[in-house]
Amino acid sequence: MQLNLETSTQEIIAECAECGLCSSACNFLAQTGVSPLEMASRGITFEEAYGCAQCGLCEVVCPLHLNPMQMFVDRRVEAVRNEELDPNDFNYLLPDEEENVMKLYRSYYEVDYSDITIDLDSKTGFFPGCTLMTYSPGLTKRIYSQIQLKYGCQGMLTSCCGKPLYQMGLIDRAEKYSETIINEVKQRGIQRLVVSCPSCYYLLRDLIKGTGVEILTVYEMLDFKNGSPESLPQCTVHDPCPDRGEGIFAQQVRGALETFGYELVEMANNRENTLCCGSGGQISHFRPELACNLVESRLNEASGSGAVILASSCLSCVLNFARKPSQLSIRHALNLLLDYDEDYTETKNKAAQMFSDQDEILN
Ligand code: SF4
Ligand code: SF4
């Protein structure tokens, strides 16, 4: 991929009217104290590049349809190429590394999928995404069994979609990693790929374009319950940032929950105006205070909506919200739709516990 920093900054320099709307919508931009035009003119710093959550809200609110985010994304690529960032410091995040947190967690907590039923004649494969298959094996198996029942399924693709590599600016490694996913899809003869995570869905959809492989969301593939005999609590849906542009998941998840019998209420910022959960752009590793503010803002919005349940189609968002104390019941949308309840309050602590246990063993 071509390094594009010059193009993205030139566009801002040429067109930004310094109206301030993007900074009003984004804490990170506001805290820089300068407009995108000033930043583009003087050059983006390393700290700025890795402080942007890559959420895409700035483009939505910009009356000129400019995209300040792209400057930060491109600046990360430059930081990697200039060796300002040492990727070895972040191996635990990176899917092409053996000792990343997801693989360690699955091994440490013995997450095992050897008991799923494989239909070798099926051309359908399930891509749960690494967060779901790591932190919620029960829900992953429930989804898989529903796909298996309806269409037959030849198993799961257990790789990460590669997003963390792209987010970190490790573009060459990301593209190499993406090739391994396409090769696996081809080698296994998969013709229909079912995806549950919005982030994976949009990335994989681009990757497999032109291969003839059909890509479907779990929500369009499965039939969920129609109506509930008892009245269900009010629920609000958090839309993950990758869905901001097209809203495929926003529509499908709301449709399925309403059909199921949930009464939906909306947060002040929803669909294309959704707010980041704090996990975007890996900012919790670079700017934890910004990530923390984003979580709190979103939880406040959810509480303000009057909802009892905060649901999302992205487990990363769910885990980020669930680690903060709150009166809300925080669930993956599929926990609700597949009658598989789970409490995620302690999930992130379990990952931290794993590292501290290992430190004790090593010391
Ligand atoms: S992508 Fe999100 S965090 Fe980054 S500048 Fe735009 S609004 Fe701010
Ligand atoms: S919203 Fe658009 S025009 Fe306004 S300051 Fe931001 S980038 Fe510039």
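Our subject is the structure listed above.
Bear in mind the structure is a predicted one, so any value in this text is a computation, not a measurement.

Focus: the site of ligand 1
Then, number 1: Surrounding ligand 1, one finds Cys26, Phe28, Leu29, Cys52, Ala53, Gln54, Cys55, Gly56, Leu57, Cys58, Met69 and Phe72.
Then, number 2: For the shell around ligand 1, the secondary-structure elements that each account for two or more residues are helix H3 (27-32), helix H6 (57-61) and helix H7 (68-81).

Concerning the site of ligand 2
Then, number 1: By nearness alone, every residue bordering ligand 2 is listed as Cys16, Ala17, Glu18, Cys19, Gly20, Cys22, Cys62, Pro63, Leu64 and Pro68.
Then, number 2: Counted by class, the shell around ligand 2 contains 8 nonpolar, 1 polar and 1 charged residues.

Here's the deal with the side chain of serine 122
Then, number 1: In this fold, serine 122 is placed in the loop between helix H8 (101-108) and strand E1 (124-127).
Then, number 2: Within polar-contact distance, the side chain of serine 122 engages the backbone nitrogen of threonine 124 at 2.9 Å.
Then, number 3: Not counting residues up to four positions away in its chain, the partners in contact with serine 122 are Tyr151, Gly152, Cys153 and Gln154.

Focus on the packing of aromatic side chains
Then, number 1: This structure, assessed with the given rule, holds 14 aromatic pairs.
Then, number 2: Centre to centre, the rings of tyrosine 219 and phenylalanine 249 are 6.0 Å apart; their planes meet at 80°, and the pair counts as edge-to-face. Of this pair, tyrosine 219 sits in helix H14 (residues 218-221) while phenylalanine 249 sits in helix H15 (residues 248-260); the two residues are 30 residues apart in sequence, bridging distant segments of the chain.
Then, number 3: Aromatic pair phenylalanine 260 and tyrosine 262: ring centres 5.6 Å apart, planes at 20°, arrangement stacked. As far as the burial class goes, phenylalanine 260 and tyrosine 262 line up, both buried.
Then, number 4: Clustering of aromatic rings is evident, with ring pairs tying together Phe46, Tyr50, Phe90, Tyr92 and Phe286.
Then, number 5: One Lys or Arg, arginine 192, reaches over the ring of tyrosine 151 and ends 4.6 Å from the middle of that ring.
Then, number 6: Lysine 350 extends its terminal NZ or CZ atom over the ring of tyrosine 109, reaching a point 4.6 Å from the ring centre.

A word on unusual backbone geometry
Then, number 1: The phi angle at glutamate 18 is positive, at roughly 50°, despite the residue not being glycine.
Then, number 2: By the element assignment, glutamate 18 lies in the loop between helix H1 (5-15) and helix H2 (21-25).
Then, number 3: At glutamine 282, a position not held by glycine, the phi torsion is positive, near 60°.
Then, number 4: When you line up the elements, glutamine 282 lands in the loop between strand E5 (263-264) and helix H16 (288-304).
Then, number 5: Relative accessible area serves as the criterion here: at 11%, glutamine 282 is assigned to the buried category.

Quick notes on the layout of surface pockets
Then, number 1: Taken as a whole, the second largest pocket spans an internal volume of roughly 310 Å³.
Then, number 2: Taken together, 22 residues make up the lining of the second largest pocket; nearest its centre are Ala25, Cys26, Asn27, Cys55 and Leu294.
Then, number 3: Put simply, the parts of the chain that give the lining of the second largest pocket at least two residues each are H2, H3, H6, H7 and H16.
Then, number 4: Across the lining of the second largest pocket, the residue classes tally to 16 nonpolar, 6 polar and no charged.

Focus: the environment of lysine 348
Then, number 1: Take lysine 348: it is sitting in helix H19 (residues 347-362).
Then, number 2: With a relative accessible area of 34%, lysine 348 lands in the partly exposed category.
Then, number 3: Considered as a pair, lysine 348 and glutamate 78 are 270 residues apart in the sequence and their alpha carbons are 31 Å apart.

Here's the deal with the sheet that holds strand E2 (residues 192-195)
Then, number 1: Within the open sheet, the 3 strands sit side by side as E1-E2-E3. Their pairing is parallel. Of all strands in the sheet, those bounded by a partner on one side alone are E1 and strand E3 (214-217). Taken pair by pair, the neighbouring strands of this sheet meet at an average axis angle of 25°, ignoring direction.
Then, number 2: Where E1 meets E2, 4 bridges bridge the pair, whose relative direction is parallel. Directly across from threonine 124, in E2, lies its bridge partner arginine 192.

Regarding the side chain of serine 159
Then, number 1: Along the chain, the position of serine 159 falls in the loop between helix H10 (137-151) and helix H11 (163-168).
Then, number 2: On the basis of relative accessible area, serine 159 is assigned to the buried category, the value being 16%.
Then, number 3: Excluding its chain neighbours within four sequence positions, the residues that come into contact with serine 159 are Phe127, Cys130, Tyr177, Ile181 and Glu184.

Some points on the pattern of salt bridges
Then, number 1: Within this structure, the stated rule accounts for 20 salt bridges.
Then, number 2: Here lysine 141 and aspartate 115 are joined by a salt bridge, their closest N and O atoms 3.0 Å apart. Here lysine 141 is found in helix H10, whereas its partner aspartate 115 is found in the loop between H8 and E1, with 26 residues between them in sequence.
Then, number 3: With relative accessibility at 25%, the residue lysine 141 sits in the partly exposed group.
Then, number 4: The shortest N-O distance in the salt bridge between arginine 192 and glutamate 214 comes to 3.5 Å. Here arginine 192, found in strand E2, pairs with glutamate 214, found in strand E3; they are 22 residues apart in sequence, far enough to count as distant.

Reading guide: rules and limits
- Residue positions are given per chain, counted from 1 along the sequence in the order it is written.
- Chains carry letters and ligands carry numbers; both start at the beginning, A for chains and 1 for ligands, and go up in the order they are written.
- Reporting of local features is limited, given that this is a predicted model, to residues whose pLDDT is at least 70; pairs of side-chain atoms are given and counted only at 80 or more, and all residues count toward the totals for whole chains, interfaces and linings.
- Side-chain descriptors were evaluated using all non-hydrogen atoms of the structure, hydrogens and water having been removed beforehand.
- Nearness is defined per residue: one heavy atom within 4 Å of the molecule or strand is enough.
- Runs of H or I in DSSP of at least four residues are treated as helices and runs of E of at least two as strands, each being numbered from the N terminus.
- Under this grouping Gly is polar, as are all residues other than the nonpolar Ala, Val, Leu, Ile, Met, Phe, Trp, Tyr, Cys and Pro and the charged Asp, Glu, Lys and Arg.
- The term polar contact refers here to a pair of N or O atoms within 3.5 Å; inside protein, the definition further demands a hydrogen-donor-capable atom paired with an acceptor-capable atom, and it admits residues adjacent in sequence only when both atoms are side-chain atoms.
- Two residues qualify as a contact provided that any one of their heavy atoms is within 4.5 Å of a heavy atom in the partner residue.
- Aromatic pairing here means that ring centres of Phe, Tyr or Trp (its six-membered ring) are within 6.5 Å. Orientation follows from the plane angle: under 30 degrees is stacked, over 60 is edge-to-face, and everything else is tilted.
- In this scheme, a residue with accessible area under 20% of its type's maximum is buried, one over 50% is exposed, and one in between is partly exposed, where area comes from a 1.4 Å probe on protein chains only.
- Should the NZ of a Lys or the CZ of an Arg lie within 6 Å of a ring centre and within 35 degrees of the ring normal, that charge is described as sitting over the ring.
- A 1.4 Å probe that fits into a set of points on a 1 Å grid over the protein atoms alone but cannot get out defines a cavity; an open set with protein on both sides within 12 Å along at least five of seven lines defines a pocket, and lining residues are those with an atom within 4 Å of a point.
- Grid points are joined across faces, edges and corners, and a volume is the space filled by probe spheres set on the points.
- Strand pairing is assigned whenever DSSP detects at least two bridges linking the two strands.
- Each axis is a line fitted through C-alpha atoms, and for a helix only the stretch in contact is used; angles between axes span 0 to 180 degrees, taken between their N-to-C directions.
- In what follows, salt bridge is the name for a side-chain nitrogen of Lys or Arg lying within 4 Å of a carboxyl oxygen of Asp or Glu.

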